[in-house]
Amino acid sequence: MERTEVLIIEQLRQGQEAAYKYVYKHHYTVLCRVAMQYVDDQFLAETIVGDVIFHLWEIRESLNITSSLRNYLVTSVRYRCLDYLKSNYNQKEIRISGVSSVDIPVIGYLQAEQYPLGKLLAQELEGEIQKAICRLPAECQRIFRMSRLEQKSYEEIARILSISENTVKYHMKKALAQLREDLHKYLITAIVFFFLHF
């Protein structure tokens, strides 16, 4: 193992901020690519990688890395992805404020007991989802609430609003795309902020 890596690992054990910045700078992008190969969702991949790095801080005092730091991190990300896929296979749909793990897969990950960073962020995510829904255009927001909060089918919504089902689908697609974009920005900012200020 290179001297630089030995030093970084020792700094990780000590909980030094510089070491975590180093991990983000030199490994974050590659780790996200690895996660994407498994979960095929950029938002979820970045969340899993953030959780793996957060876990380094949690176990810092007992951290034992005998291979290269990159290999250790890649292996950790792979295991997290496989755990997620396994637990999600037969998992019932999880909802926060009407947005489900089907709409945004990371929601299921955030609420899993074994992911502490996820649990912390899930509490904040509740409020952010409500704000994101309120930012949707009026008609789009109305249709989204009818679908996700009132559990109405697209056919029912179309009949109630005297519009076509295709129009309902259009508004739902637009709403979910906007929510993913808004919540993605929030979550990544929260993860990075935590590691730069813990």
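As the structure is a computational prediction, the values presented were derived from the model and not from experiment. (Residues numbered from 1 in each chain as written. Predicted model: local features only at pLDDT ≥ 70, side-chain atom pairs only at ≥ 80, totals over all residues. Heavy atoms only, no water.)

K.L.:
How should I be thinking about the overall build of the chain in this particular structure?
P.N.:
A count of helical and extended segments in the chain gives nine helices and two strands. Along the chain direction, N to C, the helices and strands of the chain fall in the order α-α-α-α-β-β-α-α-α-α-α. Across the 198 residues that make up the chain, the buried fraction comes to 47%. A separation of at least 24 residues holds for 67% of the contacts in the chain among residues at least 6 apart in sequence. Working note: accessible area of the chain is about 10,700 Å², and carbon and sulfur atoms make up 50% of it. (Helix = DSSP H or I, 4+ residues; strand = E, 2+ residues; numbered from the N terminus. Buried < 20%, exposed > 50% of the residue type's maximum accessible area, 1.4 Å probe, protein only. Contact = heavy atoms within 4.5 Å. Areas by Shrake-Rupley, 256 points an atom, 1.4 Å probe, with all protein chains shown as cover.)

K.L.:
Explanation requested: the environment of serine 147 in the structure shown.
P.N.:
Along the chain, serine 147 turns up in helix H7 (residues 138-148). Distance from serine 147 to methionine 172, taken between C-alpha atoms, is 8.4 Å for residues 25 residues apart in sequence. If we skip the residues at most four places from it in the chain, serine 147 touches Lys152, Tyr154, Ile157 and Met172.

K.L.:
Help me understand unusual backbone geometry in this model?
P.N.:
The bulk of non-glycine residues show a negative phi, and the bulk of peptide bonds are trans. Backbone geometry places glutamine 151, a non-glycine residue, at a positive phi of 60 degrees. Position of glutamine 151 relative to the elements: it lies in the loop between H7 and helix H8 (154-161). Even without a glycine there, the phi angle at serine 162 is positive, about 55 degrees. In this fold, serine 162 is placed in the loop between H8 and helix H9 (165-197).

K.L.:
Help me understand the nonpolar core in this model?
P.N.:
Across soluble globular proteins, nonpolar side chains have a tendency to be buried as a group. Within the largest apolar cluster, 28 residues are counted, with the highest numbers of intra-cluster contacts made by Leu12, Val39, Val49, Ile53, Leu69, Leu73 and Val77. Those elements that provide at least two residues to this core are helix H1 (3-13), helix H2 (17-39), helix H3 (42-58) and helix H4 (69-89). The element contributing the most residues to this core is H2, with ten residues. Other than its neighbours up to four places away in sequence, leucine 73 contacts Val23, His27, Leu31, Val52 and Leu56. (Core = buried A, V, L, I, M, F, W, Y, C linked by side-chain atoms within 4.5 Å.)

K.L.:
Would you explain the pattern of salt bridges in this entry?
P.N.:
Side chains that differ in sign of charge can pair as their charged atoms come close. In this structure the tally under the stated criterion is four salt bridges. Arginine 13 serves as the salt-bridge partner of glutamate 10, at 3.0 Å between the closest nitrogen and oxygen. With a gap of three residues between them, glutamate 10 and arginine 13 both fall in helix H1, about one helical turn apart. Residue glutamate 10 is classed as partly exposed on the basis of its relative accessible area, which comes to 33%. Close ionic contact of arginine 80 with aspartate 51 constitutes a salt bridge, the shortest N to O distance being 2.6 Å. Here arginine 80 is found in helix H4, whereas its partner aspartate 51 is found in helix H3, with 29 residues between them in sequence. As far as the burial class goes, arginine 80 and aspartate 51 line up, both buried. (Salt bridge = Lys/Arg side-chain N within 4 Å of Asp/Glu carboxyl O.)

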